[in-house]
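# Structural description and commentary
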Amino acid sequence: METRAKALHWFIRGGWLVLPDGTTRAIDVEPIVIGRSEGADVVIDDSEVSGVHCELRAISDGIAVRDLGSTNGTFCSNVRIRDAVIAGKAELTVGTTRLTIEPSGSKQRVELGYADRFGSIVGMSPKMRRVFSVLEKIAATPLSVLVLGETGTGKEGVARAIHDASTRRGGPFVVVDCGSIPQSLAESILFGHEKGAFTGANERRDGALAEADGGTLFLDELGELPLDIQPKLLRALSERQVKRIASTTFEQIDVRIIAATRRDLGSEMNAGRFRSDLFFRLAQVRIELPPLRERLADVPMLVEDICRRVQQAYAAPIVLDWIERRMASHDWPGNVRELVNVVSVAATLAATPDAIDDVLLLARDEPPPQSPHHAATAFSDAKRQAVVAFERSYFSELNRRAKGNVSEMARQSGMERHHVRAYLRKYGVDKGSA
């Protein structure tokens, strides 16, 4: 019988937000969004306040304040802040409105629960335990979920796990990558089209919303969704019906939406590139996945899980030892996806540990630093040449597989898009030739 992990908890300093009219709002572990938009948790009627201006949440040290890309800024004692922790009573200025923050004098206990996994997602760190406790509560509800996090943190895995734990598990799970669809085809991909609706529409096709009927639609890279499509999507979700391009009739749909993004949607909304009403419709629950560098304590558990999934469970201790020796200072920019790539390769080579060095050290962004006691040698020259050959071959093949789509290349490699572009420029790989 499977044993449950030990329950964890943490302590936070909650507090109160006092509005100009004297009303108060409790500040807890869940973020409170302040802004002019009707969907904000605290609506401020002030023309100098942005649609989504800032957010407050309780942490162990006090009240965390984060500006959400507001136009006019968030100020505390005449100091403009982007991210700050307020430990004592303070006055916050947003636009021309003054708010008072009063952290509580004592800390309150927040239970993190027992779970150290949810679906395919694993982790024992407090941050992941907190994520799992929220996922357990919301999986069976009809609430829309917005999953936030850097590239490679596991956003699609979370979406699939929510679907599999919901009452919709028997229905379809449909994925739309908003970052890879051509703008001219976005409406057709989401809503479908009739035969002859446009050049190339040789047959009637359902869109993703209709295909996900009775199940879940996962909108990856939501921040890339074209602006002109956003009101149509909002209307379809609000009215629970869709109309294909060139059709005259609506069809009812029953779809749960889970979306994900690594973009700062606060800044996107305030810049007019993303609609705040759609954001609040999709972000009924917000889940923020921490980057791997902030939960390194989870690496041993992740290594064991990855080795088991690639049917190399015996290799976990060898691989973990190699990572601790060779990649102790690595900050894992590709997050869990990068770890999966490294462990999957290392596990197949674990019978001859030296082979892990021979293969994986060449795949690092930079070769390991040379010892100051050793001058360049024929071996080091050969190694640098091997790195160049590997990188050129890797990114040429990656470009071919992704058909020149940088977003898809970033997804497959576990790297940020600007890093991918840098390698493409470095080796003269032409995206248009894929």
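Below or above, wherever it landed, is the structure these notes cover. Source: prediction; values computed, not measured. (Residues numbered from 1 in each chain as written. Predicted model: local features only at pLDDT ≥ 70, side-chain atom pairs only at ≥ 80, totals over all residues. Heavy atoms only, no water.)

## Details of unusual backbone geometry
- Despite not being glycine, serine 77 has its phi angle at roughly 55°, a positive value.
- According to the relative accessible area criterion, serine 77 is exposed, its value standing at 60%.
- Non-glycine residue glutamine 311 carries a positive phi angle of around 60°.
- Secondary-structure assignment places glutamine 311 in the loop between α8 (299-309) and α9 (316-326).
- Given a relative accessible area of 72%, glutamine 311 falls into the exposed group. (Buried < 20%, exposed > 50% of the residue type's maximum accessible area, 1.4 Å probe, protein only. Helix = DSSP H or I, 4+ residues; strand = E, 2+ residues; numbered from the N terminus.)

## A word on the pattern of salt bridges
- Counted according to the given criterion, the structure contains 27 salt bridges.
- For arginine 160, the salt bridge goes to glutamate 156, with nearest N and O atoms at 3.4 Å. You can see arginine 160 and its partner glutamate 156 sitting in helix α2 (residues 155-164), 4 residues apart, about one turn around the helix.
- Taking the relative accessible area as the measure of exposure, arginine 160 reaches 40% and is therefore partly exposed.
- Across the salt bridge formed by arginine 273 and glutamate 268, the nearest N and O atoms sit 3.1 Å from each other.
- On the accessibility criterion, arginine 273 (46% relative accessible area) is partly exposed.
- Residue class for glutamate 268 comes out buried when judged on its relative accessible area of 9%.
- When salt bridges with common partners are traced through the structure, they connect Glu194, Arg204, Asp206, Arg244 and Glu251 into a single cluster. (Salt bridge = Lys/Arg side-chain N within 4 Å of Asp/Glu carboxyl O.)

## Quick word on the packing of α8 against α9
- Interhelical geometry of α8 versus α9 gives an angle of 135° and a closest axis separation of 9 Å. By the criterion of interaxial angle, the relationship of α8 to α9 is oblique. Here α8 and α9 pass one another in a crossing that is right-handed. On α9, the residues touching Val299, Pro300, Val303, Glu304 and Cys307 of α8 are Ala316, Val319, Leu320 and Ile323.
- For the contact of α8 with α9, a count of residues per class yields 8 nonpolar, no polar and 1 charged. (Axes fitted to C-alpha atoms, helices over the stretch in contact; angles between N-to-C directions. Parallel < 35°, antiparallel > 145°, perpendicular 65-115°, else oblique. Left-handed = near helix turned anticlockwise from the far one by under 90°. Contact = heavy atoms within 4.5 Å. Nonpolar A, V, L, I, M, F, W, Y, C, P; charged D, E, K, R; others polar.)

## Quick notes on the sheet that holds strand β6 (residues 54-59)
- If you walk across this open sheet you meet the 5 strands as β5-β4-β6-β7-β10, and the pairing is mixed. This sheet does not close on itself; its edge strands, each paired only once, are β5 (42-43) and β10 (83-86).
- Judged from the 2 bridges that link them, strand β4 (residues 32-35) and β5 form a sheet pairing that is parallel. Across the sheet, residue isoleucine 34 finds its bridge partner in β5, namely valine 42. (Pairing = 2+ DSSP bridges.)

Spatial relationships are all this shows, so hold off on functional conclusions.
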